[in-house]
Amino acid sequence: ALAPSTELPLVTLLPRAWIGFGVAPWRCVGLAALLLISAAGPAVLGEDLRQLGVPWLGDLAVMLSLCLPLLPLLALLRLADQLLPPAESPRRTLPWPWLLRQAAGLVVLELLLLLGGIGLIQSLSWAVGQISTALAGLVVLLGGLLLASWLFSQVLALPLLVHHGHRALQAMDHSRLLVRQNGLKVLALLGLLSGINLLGLLGASLGLLLSLPFSALLLMACCRTQTPCSKVSRRNMLPT
């Protein structure tokens, strides 16, 4: 179980990420390039196939562009976890098939819950709209806020799955507890990640080759939570 006093080491995220990136910069850049190619390549190919009159094959290529990036993304997160200062207790190496299976299950669960939430909001707003359009709008607003809050609580699920070797449901629950205890810090983290990747879009998006690995390092550094008022934790917050 997650201790209620566990906090994200927000102050040391940037130093840790910079040190980790300096250990193996070319491996990070290579995995970022593979991630971008696996996401954009099949999508571009799918558009070309549609124009050639093979729409079903184009749709299949677009679907591949949504699934293929999961493997290089996991590889990038795993590399980032290895490059950061090690945890106090050594962790077992997770086999790739197991990790890929749990990550795919996590993505499917999150997607199903998201689609289910949207469908529920639409159904409730339609039913309430038969009585009052104002109430229907209120249902959409409240439902949207609840759905956004849930999505916000899941931003650390995949990094936690990679770092701790969680199963899909465990990662979702751990992320929810961690975000609940560190809401403002996670909000600041999302702002930092958005700013870094917006800068990465400059220069024909080539900056993403640097911003994506740096983002992965920041996310994995968040998995190394700290306990306030602990001498050991204060020592581990400093870059090593």
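The structure displayed is predicted, hence computed values, not measured ones.

A.B. asks: Could you clarify how one ought to interpret the packing of helix α1 (residues 13–23) against helix α10 (residues 208–222) in this entry?
C.D. replies: A pair of packed helices is captured by two measures, namely the crossing angle of their axes and the spacing between those axes. Taken N-terminus to C-terminus, the directions of α1 and α10 make an angle of 125 degrees; their axes are 9 Å apart at the nearest point. Regarding the angle of α1 to α10, the classification is oblique. As α1 packs across α10, the resulting crossing turns out to be right-handed. Between α1 and α10, the residues in contact are Leu-13, Leu-14, Ala-17, Trp-18, Gly-20 and Phe-21 and Leu-210, Pro-213, Phe-214, Leu-217, Leu-218, Ala-221 and Cys-222, respectively. In the contact of α1 with α10, the residues fall into 12 nonpolar, 1 polar and no charged.

A.B. asks: Help me understand the nonpolar core, please; the structure alone is not making it clear to me.
C.D. replies: One recurring pattern in soluble globular proteins: nonpolar side chains tend to sit buried together. Core analysis: the biggest nonpolar cluster contains 50 residues, and Leu-156, Leu-189 and Leu-218 have the highest contact counts within it. Of all the secondary structure elements, the ones that give two or more residues to this core are α1, α2 (25–51), α4 (70–83), α5 (96–129), α7 (157–164), α8 (168–181), α9 (183–200) and α10. In terms of residues, this core owes the most to one element, α10, which gives 10 residues. Apart from residues no more than four positions distant in its own chain, Leu-189 is found in contact with Leu-13, Leu-156, Leu-218, Leu-219 and Cys-222.

A.B. asks: Help me understand the packing of α2 against α4 in this model?
C.D. replies: α4 packs onto α2 with a crossing angle of 160 degrees between their chain directions and a minimal axis gap of 9 Å. Comparing the axis directions of α2 and α4 gives the class roughly antiparallel. α4 is crossed by α2, and the crossing has left-handed handedness. On the side of α2, the interface is formed by Arg-27, Cys-28, Leu-31, Leu-34, Leu-35 and Ser-38, while α4 contributes Pro-72, Leu-73, Ala-75, Leu-76, Leu-79, Gln-82 and Leu-83.

A.B. asks: Help me out: how do you make sense of helix α6 (residues 133–153) in this one?
C.D. replies: Each full turn of the α-helix corresponds to 3.6 residues, which orients residues three or four apart in the same direction. For α6, spanning 21 residues, the distance from its first C-alpha to its last is 30 Å, which sits close to the expected 30 Å at 1.5 Å a residue. Those residues of α6 lying buried are Ala-136, Gly-143, Leu-147 and Ser-153. All buried residues of α6 fall inside an arc of 115 degrees around its axis, so they share one side. Facing away from the buried surface of α6 by more than 90 degrees, the exposed residues are Ala-134, Leu-141 and Leu-145. Where the residues of α6 are buried, they touch α5 and α8.

Calculation criteria
- Residues numbered from 1 in each chain as written.
- Predicted model: local features only at pLDDT ≥ 70, side-chain atom pairs only at ≥ 80, totals over all residues.
- Heavy atoms only, no water.
- Axes fitted to C-alpha atoms, helices over the stretch in contact; angles between N-to-C directions.
- Helix = DSSP H or I, 4+ residues; strand = E, 2+ residues; numbered from the N terminus.
- Parallel < 35°, antiparallel > 145°, perpendicular 65-115°, else oblique.
- Left-handed = near helix turned anticlockwise from the far one by under 90°.
- Contact = heavy atoms within 4.5 Å.
- Nonpolar A, V, L, I, M, F, W, Y, C, P; charged D, E, K, R; others polar.
- Core = buried A, V, L, I, M, F, W, Y, C linked by side-chain atoms within 4.5 Å.
- Buried < 20%, exposed > 50% of the residue type's maximum accessible area, 1.4 Å probe, protein only.
- Expected span 1.5 Å × (residues − 1).
- Arc of directions from axis to C-beta.

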